[in-house]
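Coordinate analysis (summary)
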Amino acid sequence: MQEIQDYLQKEVANKSIPGAVLSVSKKGKTVFRESVGYASVYPEKKRMTTETIFDLASLTKVVVTLPLTLMLLDKQFLSLDTKVSRFVPSFQKEGKEAITIRHLLTHTSGLKAHHPFYKEERTSNIPDKIASMPLLAFPGKRVIYSDLNFILLHHIIENVTKTDLPTFANEQLFTPLNMKQTSFSPTTGSYASTEWDESTQQYLHGIVHDENARYFGGVSGHAGLFSTVEDLESFSEMVEQNGFYKGKQLISESIMKQSKQSATEGLNERRGLGWVINNPGYSSCGERFTSFSYGHTGFTGTSMWLDPMDELRVIFLTNRVHFGRENKEIIRIRAELHDLIKRKTERI
């Protein structure tokens, strides 16, 4: 594994990333868990450790919003064909009456990718605001990766459970998985710093990087979660074991398996329920992961990829935006690193 360590050290030395934490598991056994570089470079250097807490960005979608939605599907409080308009009546027009939970999870709702709510006058009725936006495609016809889908799922989860997302997540997910360092709006810990923030004139440190999530008070279905590599290992173990973790079935095997299979064959991108399914051509997991692989990335520099055919799991956490969001080196690094890991673990 020394070549993997050397690769990461080289990228830190080249200032492609400030630092990283990497965990690699093969056949249920962790074969590599190391930290390199710095949790912060500015205003002063602070070493990265395997206990560093990361802003997960869009990994929030698959680590919180997806499993909680799957739990509600299990309990039949929802079905994949439940209409969004059941919870947001303003969706009963302009083609949005066709949008279902399935469309939100697979990013086939037709809603646009992003909307800068944080630039507008504050409003509590975000779902109605989304309902006023025109569709870019008819539901089910095109994959458009959209934060709006998971912002809506957040609203639906709270509507069904009659509790707030962090409380429901703690009770049903984080506590059973012993994810003690995972939370929205954390108050203690050692964090990986993200980007310089003009409004506060400081580098963000334990404060969510995503502007919309910050505007929503730090809690959203699309971003806002903070966690460590160890906690994500526990979560990934549950996912790999199809909802089973240390003697308890948290989510049914059937819905977990379904979430990791492509539901958008024939469309422009392969998506499962929440998960990205490895696509032909460029993928953030490189060229060597099998077509059955599934994963997700986060804008801050985080990612998770799992290949069930080789029983390989890679959790790669960086704070690449600490050097500015225009830093795009992570695109190259993710692909190269996963190819390298695949080669080095072939005989394990």
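What counts, and at which threshold
- Residues numbered from 1 in each chain as written.
- Predicted model: local features only at pLDDT ≥ 70, side-chain atom pairs only at ≥ 80, totals over all residues.
- Heavy atoms only, no water.
- Helix = DSSP H or I, 4+ residues; strand = E, 2+ residues; numbered from the N terminus.
- Rg over C-alpha atoms; globule rule 2.2 N^0.38 Å.
- Buried < 20%, exposed > 50% of the residue type's maximum accessible area, 1.4 Å probe, protein only.
- Contact = heavy atoms within 4.5 Å.
- Lys, Arg positive; Asp, Glu negative; His and termini not counted.
- Charge placed at Lys NZ, Arg CZ, Asp CG, Glu CD.
- Pairing = 2+ DSSP bridges.
- Axes fitted to C-alpha atoms, helices over the stretch in contact; angles between N-to-C directions.
- 1 Å grid on protein atoms, 1.4 Å probe; cavity = no way out; pocket = protein on both sides within 12 Å on 5 of 7 lines; lining within 4 Å.
- Points joined across faces, edges and corners; volume = space filled by probe spheres on them.
- Nonpolar A, V, L, I, M, F, W, Y, C, P; charged D, E, K, R; others polar.
- Phe/Tyr/Trp six-rings, centres within 6.5 Å; stacked < 30°, edge-to-face > 60°.
- Lys NZ or Arg CZ within 6 Å of the ring centre and 35° of its normal.
- Expected span 1.5 Å × (residues − 1).
- Core = buried A, V, L, I, M, F, W, Y, C linked by side-chain atoms within 4.5 Å.

1. Topic: the overall build of the protein chain
A tally of helices and strands in the protein chain yields ten helices and 14 strands. Against the compact-globule benchmark of 20 Å for 348 residues, the protein chain has a radius of gyration of 19 Å, which places it among compact chains. Considered along the principal axes of its C-alpha atoms, the protein chain spans approximately 55 × 45 × 40 Å. Looking at the 348 residues of the protein chain, the share that counts as buried comes to 57%. Nonlocal contacts in the protein chain, meaning residues at least 24 apart in sequence, comprise 66% of its contacts between residues at least 6 apart. The positive charge centre, built from 42 side chains, and the negative charge centre, built from 40, are 2 Å apart in the protein chain.

2. Here we look at the sheet that holds strand S13 (residues 302-307)
Pairing is antiparallel in the open sheet, where seven strands are placed in the order S3-S2-S1-S14-S13-S12-S11. The two strands at the open ends of the sheet, each matched to only one other strand, are strand S3 (46-47) and strand S11 (276-277). In the sheet, S11 pairs with strand S12 (residues 294-298) via two bridges, with the strands oriented antiparallel. Considered in S12, the bridge of Val-276 is made with Gly-295. Against the sheet, helix H8 (residues 229-240) contacts strand S1 (19-26), strand S2 (29-40), S12, S13 and strand S14 (312-318), and its axis sits at roughly 150° relative to S14.

3. Some thoughts on empty space enclosed by the protein
One pass over the full model with this rule turns up one cavity of 30 Å³ or more. The calculated volume of the largest cavity comes to roughly 40 Å³. As for the largest cavity, its lining consists of Val-62, Leu-66, Pro-67, Leu-70, Phe-235, Met-238, Val-239, Ile-251, Met-256, Ser-259 and Trp-275. Of all elements in the fold, only helix H2 (59-74), H8 and helix H9 (253-259) reach the threshold of two or more residues within the lining of the largest cavity. Among the elements that take part in the lining of the largest cavity, H2 stands out by supplying four residues, more than any other. Split by residue class, the lining of the largest cavity holds ten nonpolar, one polar and no charged.

4. Describing the packing of aromatic side chains
Under the definition given, this model contains seven aromatic pairs. In textbook terms, an aromatic cluster arises when at least three aromatic residues are bridged by ring pairs, as seen for Tyr-42, Trp-196, Tyr-203 and Phe-323. Across the ring face of Phe-299, the terminal group of Arg-320 is positioned such that the distance to the ring centre comes to 4.5 Å. Sitting above the plane of the Phe-289 ring, Lys-342 keeps its charged end 4.6 Å from the centroid.

5. Here we look at the sheet that holds strand S8 (residues 225-227)
Overall, antiparallel pairing links the three strands, which are arranged S4-S8-S5 in an open sheet. At either margin of the open sheet sits one strand with a lone partner, and together these are strand S4 (54-55) and strand S5 (183-184). Inspection of the sheet shows S4 paired to S8 by two bridges, in the antiparallel sense. Across the sheet, the residue bridging to Phe-54 is Ser-227, located in S8.

6. Examining helix H5 (residues 147-161)
The end-to-end C-alpha separation of H5 is 21 Å, in line with the 21 Å expected for 15 residues at 1.5 Å each. Among all positions of H5, only Asp-147, Leu-148, Asn-149, Phe-150, Ile-151, Leu-152, Leu-153, His-154, Ile-156 and Ile-157 are buried. In this fold, the buried residues of H5 make contact with H2, helix H3 (101-106), helix H4 (126-131) and helix H6 (165-174). Lys-162 occupies a position one or two residues after H5 and carries a positive phi of about 60°.

7. What to know about the nonpolar core
Counting residues in each nonpolar core, the largest one holds 68 residues, and the members touching the most others are Val-63, Leu-68, Leu-105, Ile-130, Phe-235, Met-238 and Trp-275. Of all the elements, H2 adds the most residues to this core, at ten residues. Apart from the residues within four sequence positions on either side, Leu-68 is in contact with Ile-157, Leu-165, Phe-168, Ala-169, Gln-172 and Leu-173. With 22 residues, the next largest nonpolar core counts Ile-4, Leu-22, Val-24 and Ile-330 among its residues.

8. Comments concerning the pairing of S2
In this structure, S1 lies alongside S2, joined through eight bridges in antiparallel fashion. Across the sheet, the residue bridging to Val-24 is Phe-32, located in S2. Between S1 and S2, which follow one another and run antiparallel, lie two residues, and Lys-27 among them has a positive phi close to 55°. Across two bridges, S2 lies against S3 in antiparallel orientation. Counted as the bridge partner of Ser-40 is Lys-46 from S3.

9. Notes on unusual backbone geometry
The omega torsion across Tyr-42 and Pro-43 is 0°, close enough to zero to call that bond cis. Turning to its location among the elements, Pro-43 is positioned in the loop between S2 and S3. You will see that His-107, though not glycine, has its phi angle at about 60°, which is positive. Its location among the elements puts His-107 in the loop between H3 and H4. Owing to a relative accessible area of 0%, His-107 belongs among the buried residues under this scheme.

10. Thoughts on the pairing of S12
Strand residues, when the strand is regular, have side chains that alternate between the two faces of the sheet. Burial analysis of S12 places four of its five residues in the buried class, the great majority of the element. For S12 and S13, the ladder comprises five bridges, and the chain directions are antiparallel. Directly across from Gly-298, in S13, lies its bridge partner Thr-302. In this structure, the hairpin formed by S12 and S13 is closed by a connection of three residues, where Gly-301 is found at a positive phi of approximately 125°.

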